[in-house]
Amino acid sequence: MLYYSLQRVALAVAICMVAMTILFSLVYVIPGDPASLALGPRATAEMKEALRVRMGLDQPLAMQLYNFFANAVTGNLGYDVWTRRPVTTIIMEALPYTLALAGAGLGWAILIGIPLGCYSAINRNSLMDKITGIISVGTISMPSFLVAVYCLLLFAVHLKWFPAIGAGERGDLADQLWHLVLPAFAIGLGWVGYLARLVRASMLEVLGESHVRTARAFGLPEAMVIRRYALRLAILPTVTLLGIAVGGLLSGAVFAELVFNRPGIGLLVYNEAARRNYPTVMGTVLVTVGVFVICQLVADLLVALLDPRVRRSL
Amino acid sequence: MSAGAVLDIRGLGVDFLTPRGRVHALRDVSLQVPRGSVVGVVGESGSGKSTLILAALRLLPANALILGGEVVLDGEDVLRMSPAALRDLRGRKATMVFQDPSTSLNPVLTIGRQMIDIQYRDRVPTARKRDRAATMLRKVGIPDPATRLDNYPHEFSGGMRQRIAIAMALLCNPDLLIADEPTTALDVTMEAQIIHLLRQLKSEFHGSILFVSHNLGLIAELCDRVVILYAGAVAEEGSVHDLFHRPRHPYTQALLECDPARLAKVSRELPTIPGDVPDLLAAPVGCAFAPRCPKVFERCRREAPRLVADGDGHGAACHLVPAIASSRVGPRPSTGSGRGPPVEPVET
């Protein structure tokens, strides 16, 4: 288990480094000089040069890459071109909002989707199973930004049940949660259907396996058969998927943050990319990659914890 | 006999609903397991062996349709009881050892967990249940059982897993132990070990055993009675001695001739029964074995034979049975050959 964990952590670090390098080179692949684009057509050569120095673009490429890595390790992601504040600070202000949003979206999707999938599998071909199936496919095919817009129109504008924009008063937890409901609903909805389908499929497979028949042949209570003998196995593909799901949710969060005008990583990247504020964009994307990699790492370790066969084979 | 039977299956019919149509897996099958005895079920693949024993605990898959008959286990009809009563019966009155030990144990739970879980009815401390499990593991020959309880199934060899499955079944101290080809999925050395274990346990275990196997030698050794299944119906049944020494049904005779262990001469080719097991999508008209039977005659293709049993409980479903019984066995006082329907065997 220790060896496996170390292996996974090493892989996660490697992924982060590759991501950083790609990210770094991306700035040079995008056409146009960042400094002149940022300053507009009427900027003088001196102004451009000053900005280039400030952004570190005057140094040799290898040096820039080295600096980028070295600074990132120490938590320094550079300074915002416009406000000159540390990028790390800017991100740390926005990150909790996005994490709360993604967490709430995924959380409600898990709470509803997994039991729904189990129910569907156990009561296969029942009316509820069929209704769940149709609704699931519907929610999976609906883009989250569309859901967000309709939610906004229906629940915030027409019914006025929930606030339309913002993330709530700072320090007022109840108000923040209140503001979280609609966006979290919007980005989690598709995952409810997805998880329900996935859990149903793997649960059906496990319920048909021989060891479940053994458990039943010993007269174990049905609740124990389902929870301990079937779900422990059926949940494994879902855990792996959830690690990946965080990536999808973070990009879903961009739309939700735009539609609901919530502060967060998505809104930050959207705004700053439009202004070619490279240090902030790079820092934000890097942190997003980090979050994604950590989530996958956690999912991998969780699967290993739940499935002794994985621990053994590695 | 039925009064003393732990398991009494009468007239059981089972169909499977498949995309290809209805498969008639079992047709009017009756079988008794007398208390304290070991009954063997023999048949080719597809003869309905597994269906029969799964039906005994009502563990058939969802696409199985029970057409009729009854399965009486300790005086209660398994097919007509409530799910709660059924659950209460499973694991207490009867347990099962399945064919493939690599899939019949839960892969993500330790065997200790699984062995403790099956004792959920007993209101004793978990430590006590663990001790019981360890004791049972030792009995089936697992070394260092107290430590190995914390291992997962994949950490054991196939033979060890089957020992564990047997230990689990015995842990419940059931009235009836059902074993579905417990040695088939194992390699030869493992098979020999399990056979040795079963032999040993037979003397210690006081319940009844319903034993399904391909291995005729094993059946002959372990069982008191044998039931031969062919194409979803009983072809012949009787005591091991009667059936192996005086097989009446042409299918049983052919089967015994095919058993490599019984071959008198070393020949270059293993004997086989020509032809295939009939497709059970359509219920056979006449005798199901007729297309492969060396002694087939006109009546076989027209009329399905009924199981004719003599006073010893040795019976065969063949139109030739009374004739065969008398010609082979000679005049035996208990043979009901004289009372059978008149038969005119026609050589083909």
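Data block above holds the structure.
Small disclaimer: the values here were computed from a predicted structure and weren't measured. (Residues numbered from 1 in each chain as written. Chains lettered and ligands numbered in written order. Predicted model: local features only at pLDDT ≥ 70, side-chain atom pairs only at ≥ 80, totals over all residues. Heavy atoms only, no water.)

To continue, consider the overall build of chain B. A count of helices and strands for chain B gives 12 helices and 12 strands. Sorting the 348 residues of chain B into buried and exposed places 55% on the buried side. Across chain B, the fraction of contacts at a sequence separation of at least 24, relative to all contacts at a separation of at least 6, is 63%. For chain B, the accessible surface area stands at approximately 15300 Å², while carbon and sulfur atoms represent 53% of it. (Helix = DSSP H or I, 4+ residues; strand = E, 2+ residues; numbered from the N terminus. Buried < 20%, exposed > 50% of the residue type's maximum accessible area, 1.4 Å probe, protein only. Contact = heavy atoms within 4.5 Å. Areas by Shrake-Rupley, 256 points an atom, 1.4 Å probe, with all protein chains shown as cover.)

Another point: the pairing of strand β8 (residues 208-212) of chain B. Residue and element names in this part refer to chain B. Most of β8 is tucked away, with five of its five residues classed as buried. Both faces of β8 are covered, namely the face carrying Ser208, Leu210 and Val212 and the face carrying Ile209 and Phe211. Judged from the four bridges that link them, strand β3 (residues 38-42) and β8 form a sheet pairing that is parallel. Residue pairing in the sheet places Val41 in a bridge with Val212 of β8. Of the pairings in the sheet, the one linking strand β7 (residues 176-180) to β8 comprises five bridges and is parallel in character. The partner of Ala179 across the bridge, within β8, is Phe211. Regarding topology, helix α7 (residues 188-204) serves as the crossover connection from β7 to the parallel β8, and that connection is right-handed. (Pairing = 2+ DSSP bridges. Right-handed = clockwise from strand over helix to strand, strands pointing away.)

This brings us to the pairing of strand β6 (residues 94-97) of chain B. Working note: regular strand, side chains alternate between the two faces of the sheet. Residues and elements named next belong to chain B. Judged by which residues are buried, β6 turns out to be covered on both faces: Ala94 and Met96 on one side and Thr95 and Val97 on the other are all buried. Here β6 pairs with β7 via four bridges, running parallel. Within the sheet, the bridge partner assigned to Ala94 lies in β7 and is Leu176.

Time to look at helix α6 (residues 158-171) of chain B. Spacing of three or four residues puts side chains on the same side of an α-helix, whose turn is 3.6 residues. Look at α6 of chain B: 20 Å from first C-alpha to last across 14 residues, which is about the 20 Å you get at 1.5 Å a residue. Most of α6 of chain B sits inside the fold, with 13 of its 14 residues counted as buried. (Expected span 1.5 Å × (residues − 1).)

This part takes up the nonpolar core. Judged by nonpolar contacts, the single largest core of 137 residues is most densely connected at Leu210 and Phe211 of chain B. Here the element with the most residues in this core is helix α10 (residues 222-260) of chain A; it accounts for 10 residues. Leaving out residues up to four positions away in the same chain, Leu210 of chain B has contacts with Leu7, Leu31, Val33, Val39, Val41, Ile53, Leu176, Leu177, Ile178 and Ala179 of chain B. Core analysis: the second largest hydrophobic core is formed by 47 residues, Phe69, Val147, Ala156 and Leu250 of chain A among them. (Core = buried A, V, L, I, M, F, W, Y, C linked by side-chain atoms within 4.5 Å.)

All names here are of chain B. In the contact formed by α6 and α7, the axes pass within 9 Å of each other and the chain directions differ by 20°. It follows from the interaxial angle that α6 and α7 lie roughly parallel. The element α6 and its partner α7 pack so that their crossing is right-handed. Residues Gly159, Gln162, Arg163, Ile166 and Leu170 of α6 form the contact with α7, whose own contacting residues are Met190, Gln193, Ile194, Leu197, Leu198 and Leu201. (Axes fitted to C-alpha atoms, helices over the stretch in contact; angles between N-to-C directions. Parallel < 35°, antiparallel > 145°, perpendicular 65-115°, else oblique. Left-handed = near helix turned anticlockwise from the far one by under 90°.)

Residues and elements named next belong to chain B. For the coordinates displayed, the defined rule picks out 24 salt bridges over all chains. Across the pair Glu76 and Lys93 runs a salt bridge whose closest N-O atoms are separated by 2.9 Å. You can see Glu76 sitting in strand β5 (residues 76-77) and its partner Lys93 sitting in the loop between α2 (83-89) and β6, a full 17 residues away along the chain. A salt bridge links Asp150 to Arg130, with the nearest nitrogen and oxygen atoms 3.2 Å apart. Here Arg130 lies in helix α4 (residues 126-139) and Asp150 lies in the loop between α5 (145-148) and α6, a separation of 20 residues in the sequence. The class for Asp150 is partly exposed, based on a relative accessible area of 45%. (Salt bridge = Lys/Arg side-chain N within 4 Å of Asp/Glu carboxyl O.)

The next subject is the interface of chain B and chain A. In this assembly, 29 residues from chain B lie in contact with 23 residues from chain A. Roughly 2300 Å² of surface becomes buried between chain B and chain A when both sides are summed, with 65% attributable to carbon and sulfur atoms. Remark: the boundary between chain B and chain A carries one salt bridge. Across the pair Asp117 of chain B and Arg228 of chain A runs a salt bridge whose closest N-O atoms are separated by 2.6 Å. Between chain B and chain A we count nine residue pairs in polar contact (both at pLDDT 80 or more) in total. Contributions of two or more residues to the side of chain B that touches chain A are made by β6, α3 (111-117) and α6 of chain B. (Buried area = accessible area lost by both parts, 1.4 Å probe. Polar contact = N/O pair within 3.5 Å; in protein donor to acceptor, adjacent residues only side chain to side chain.)

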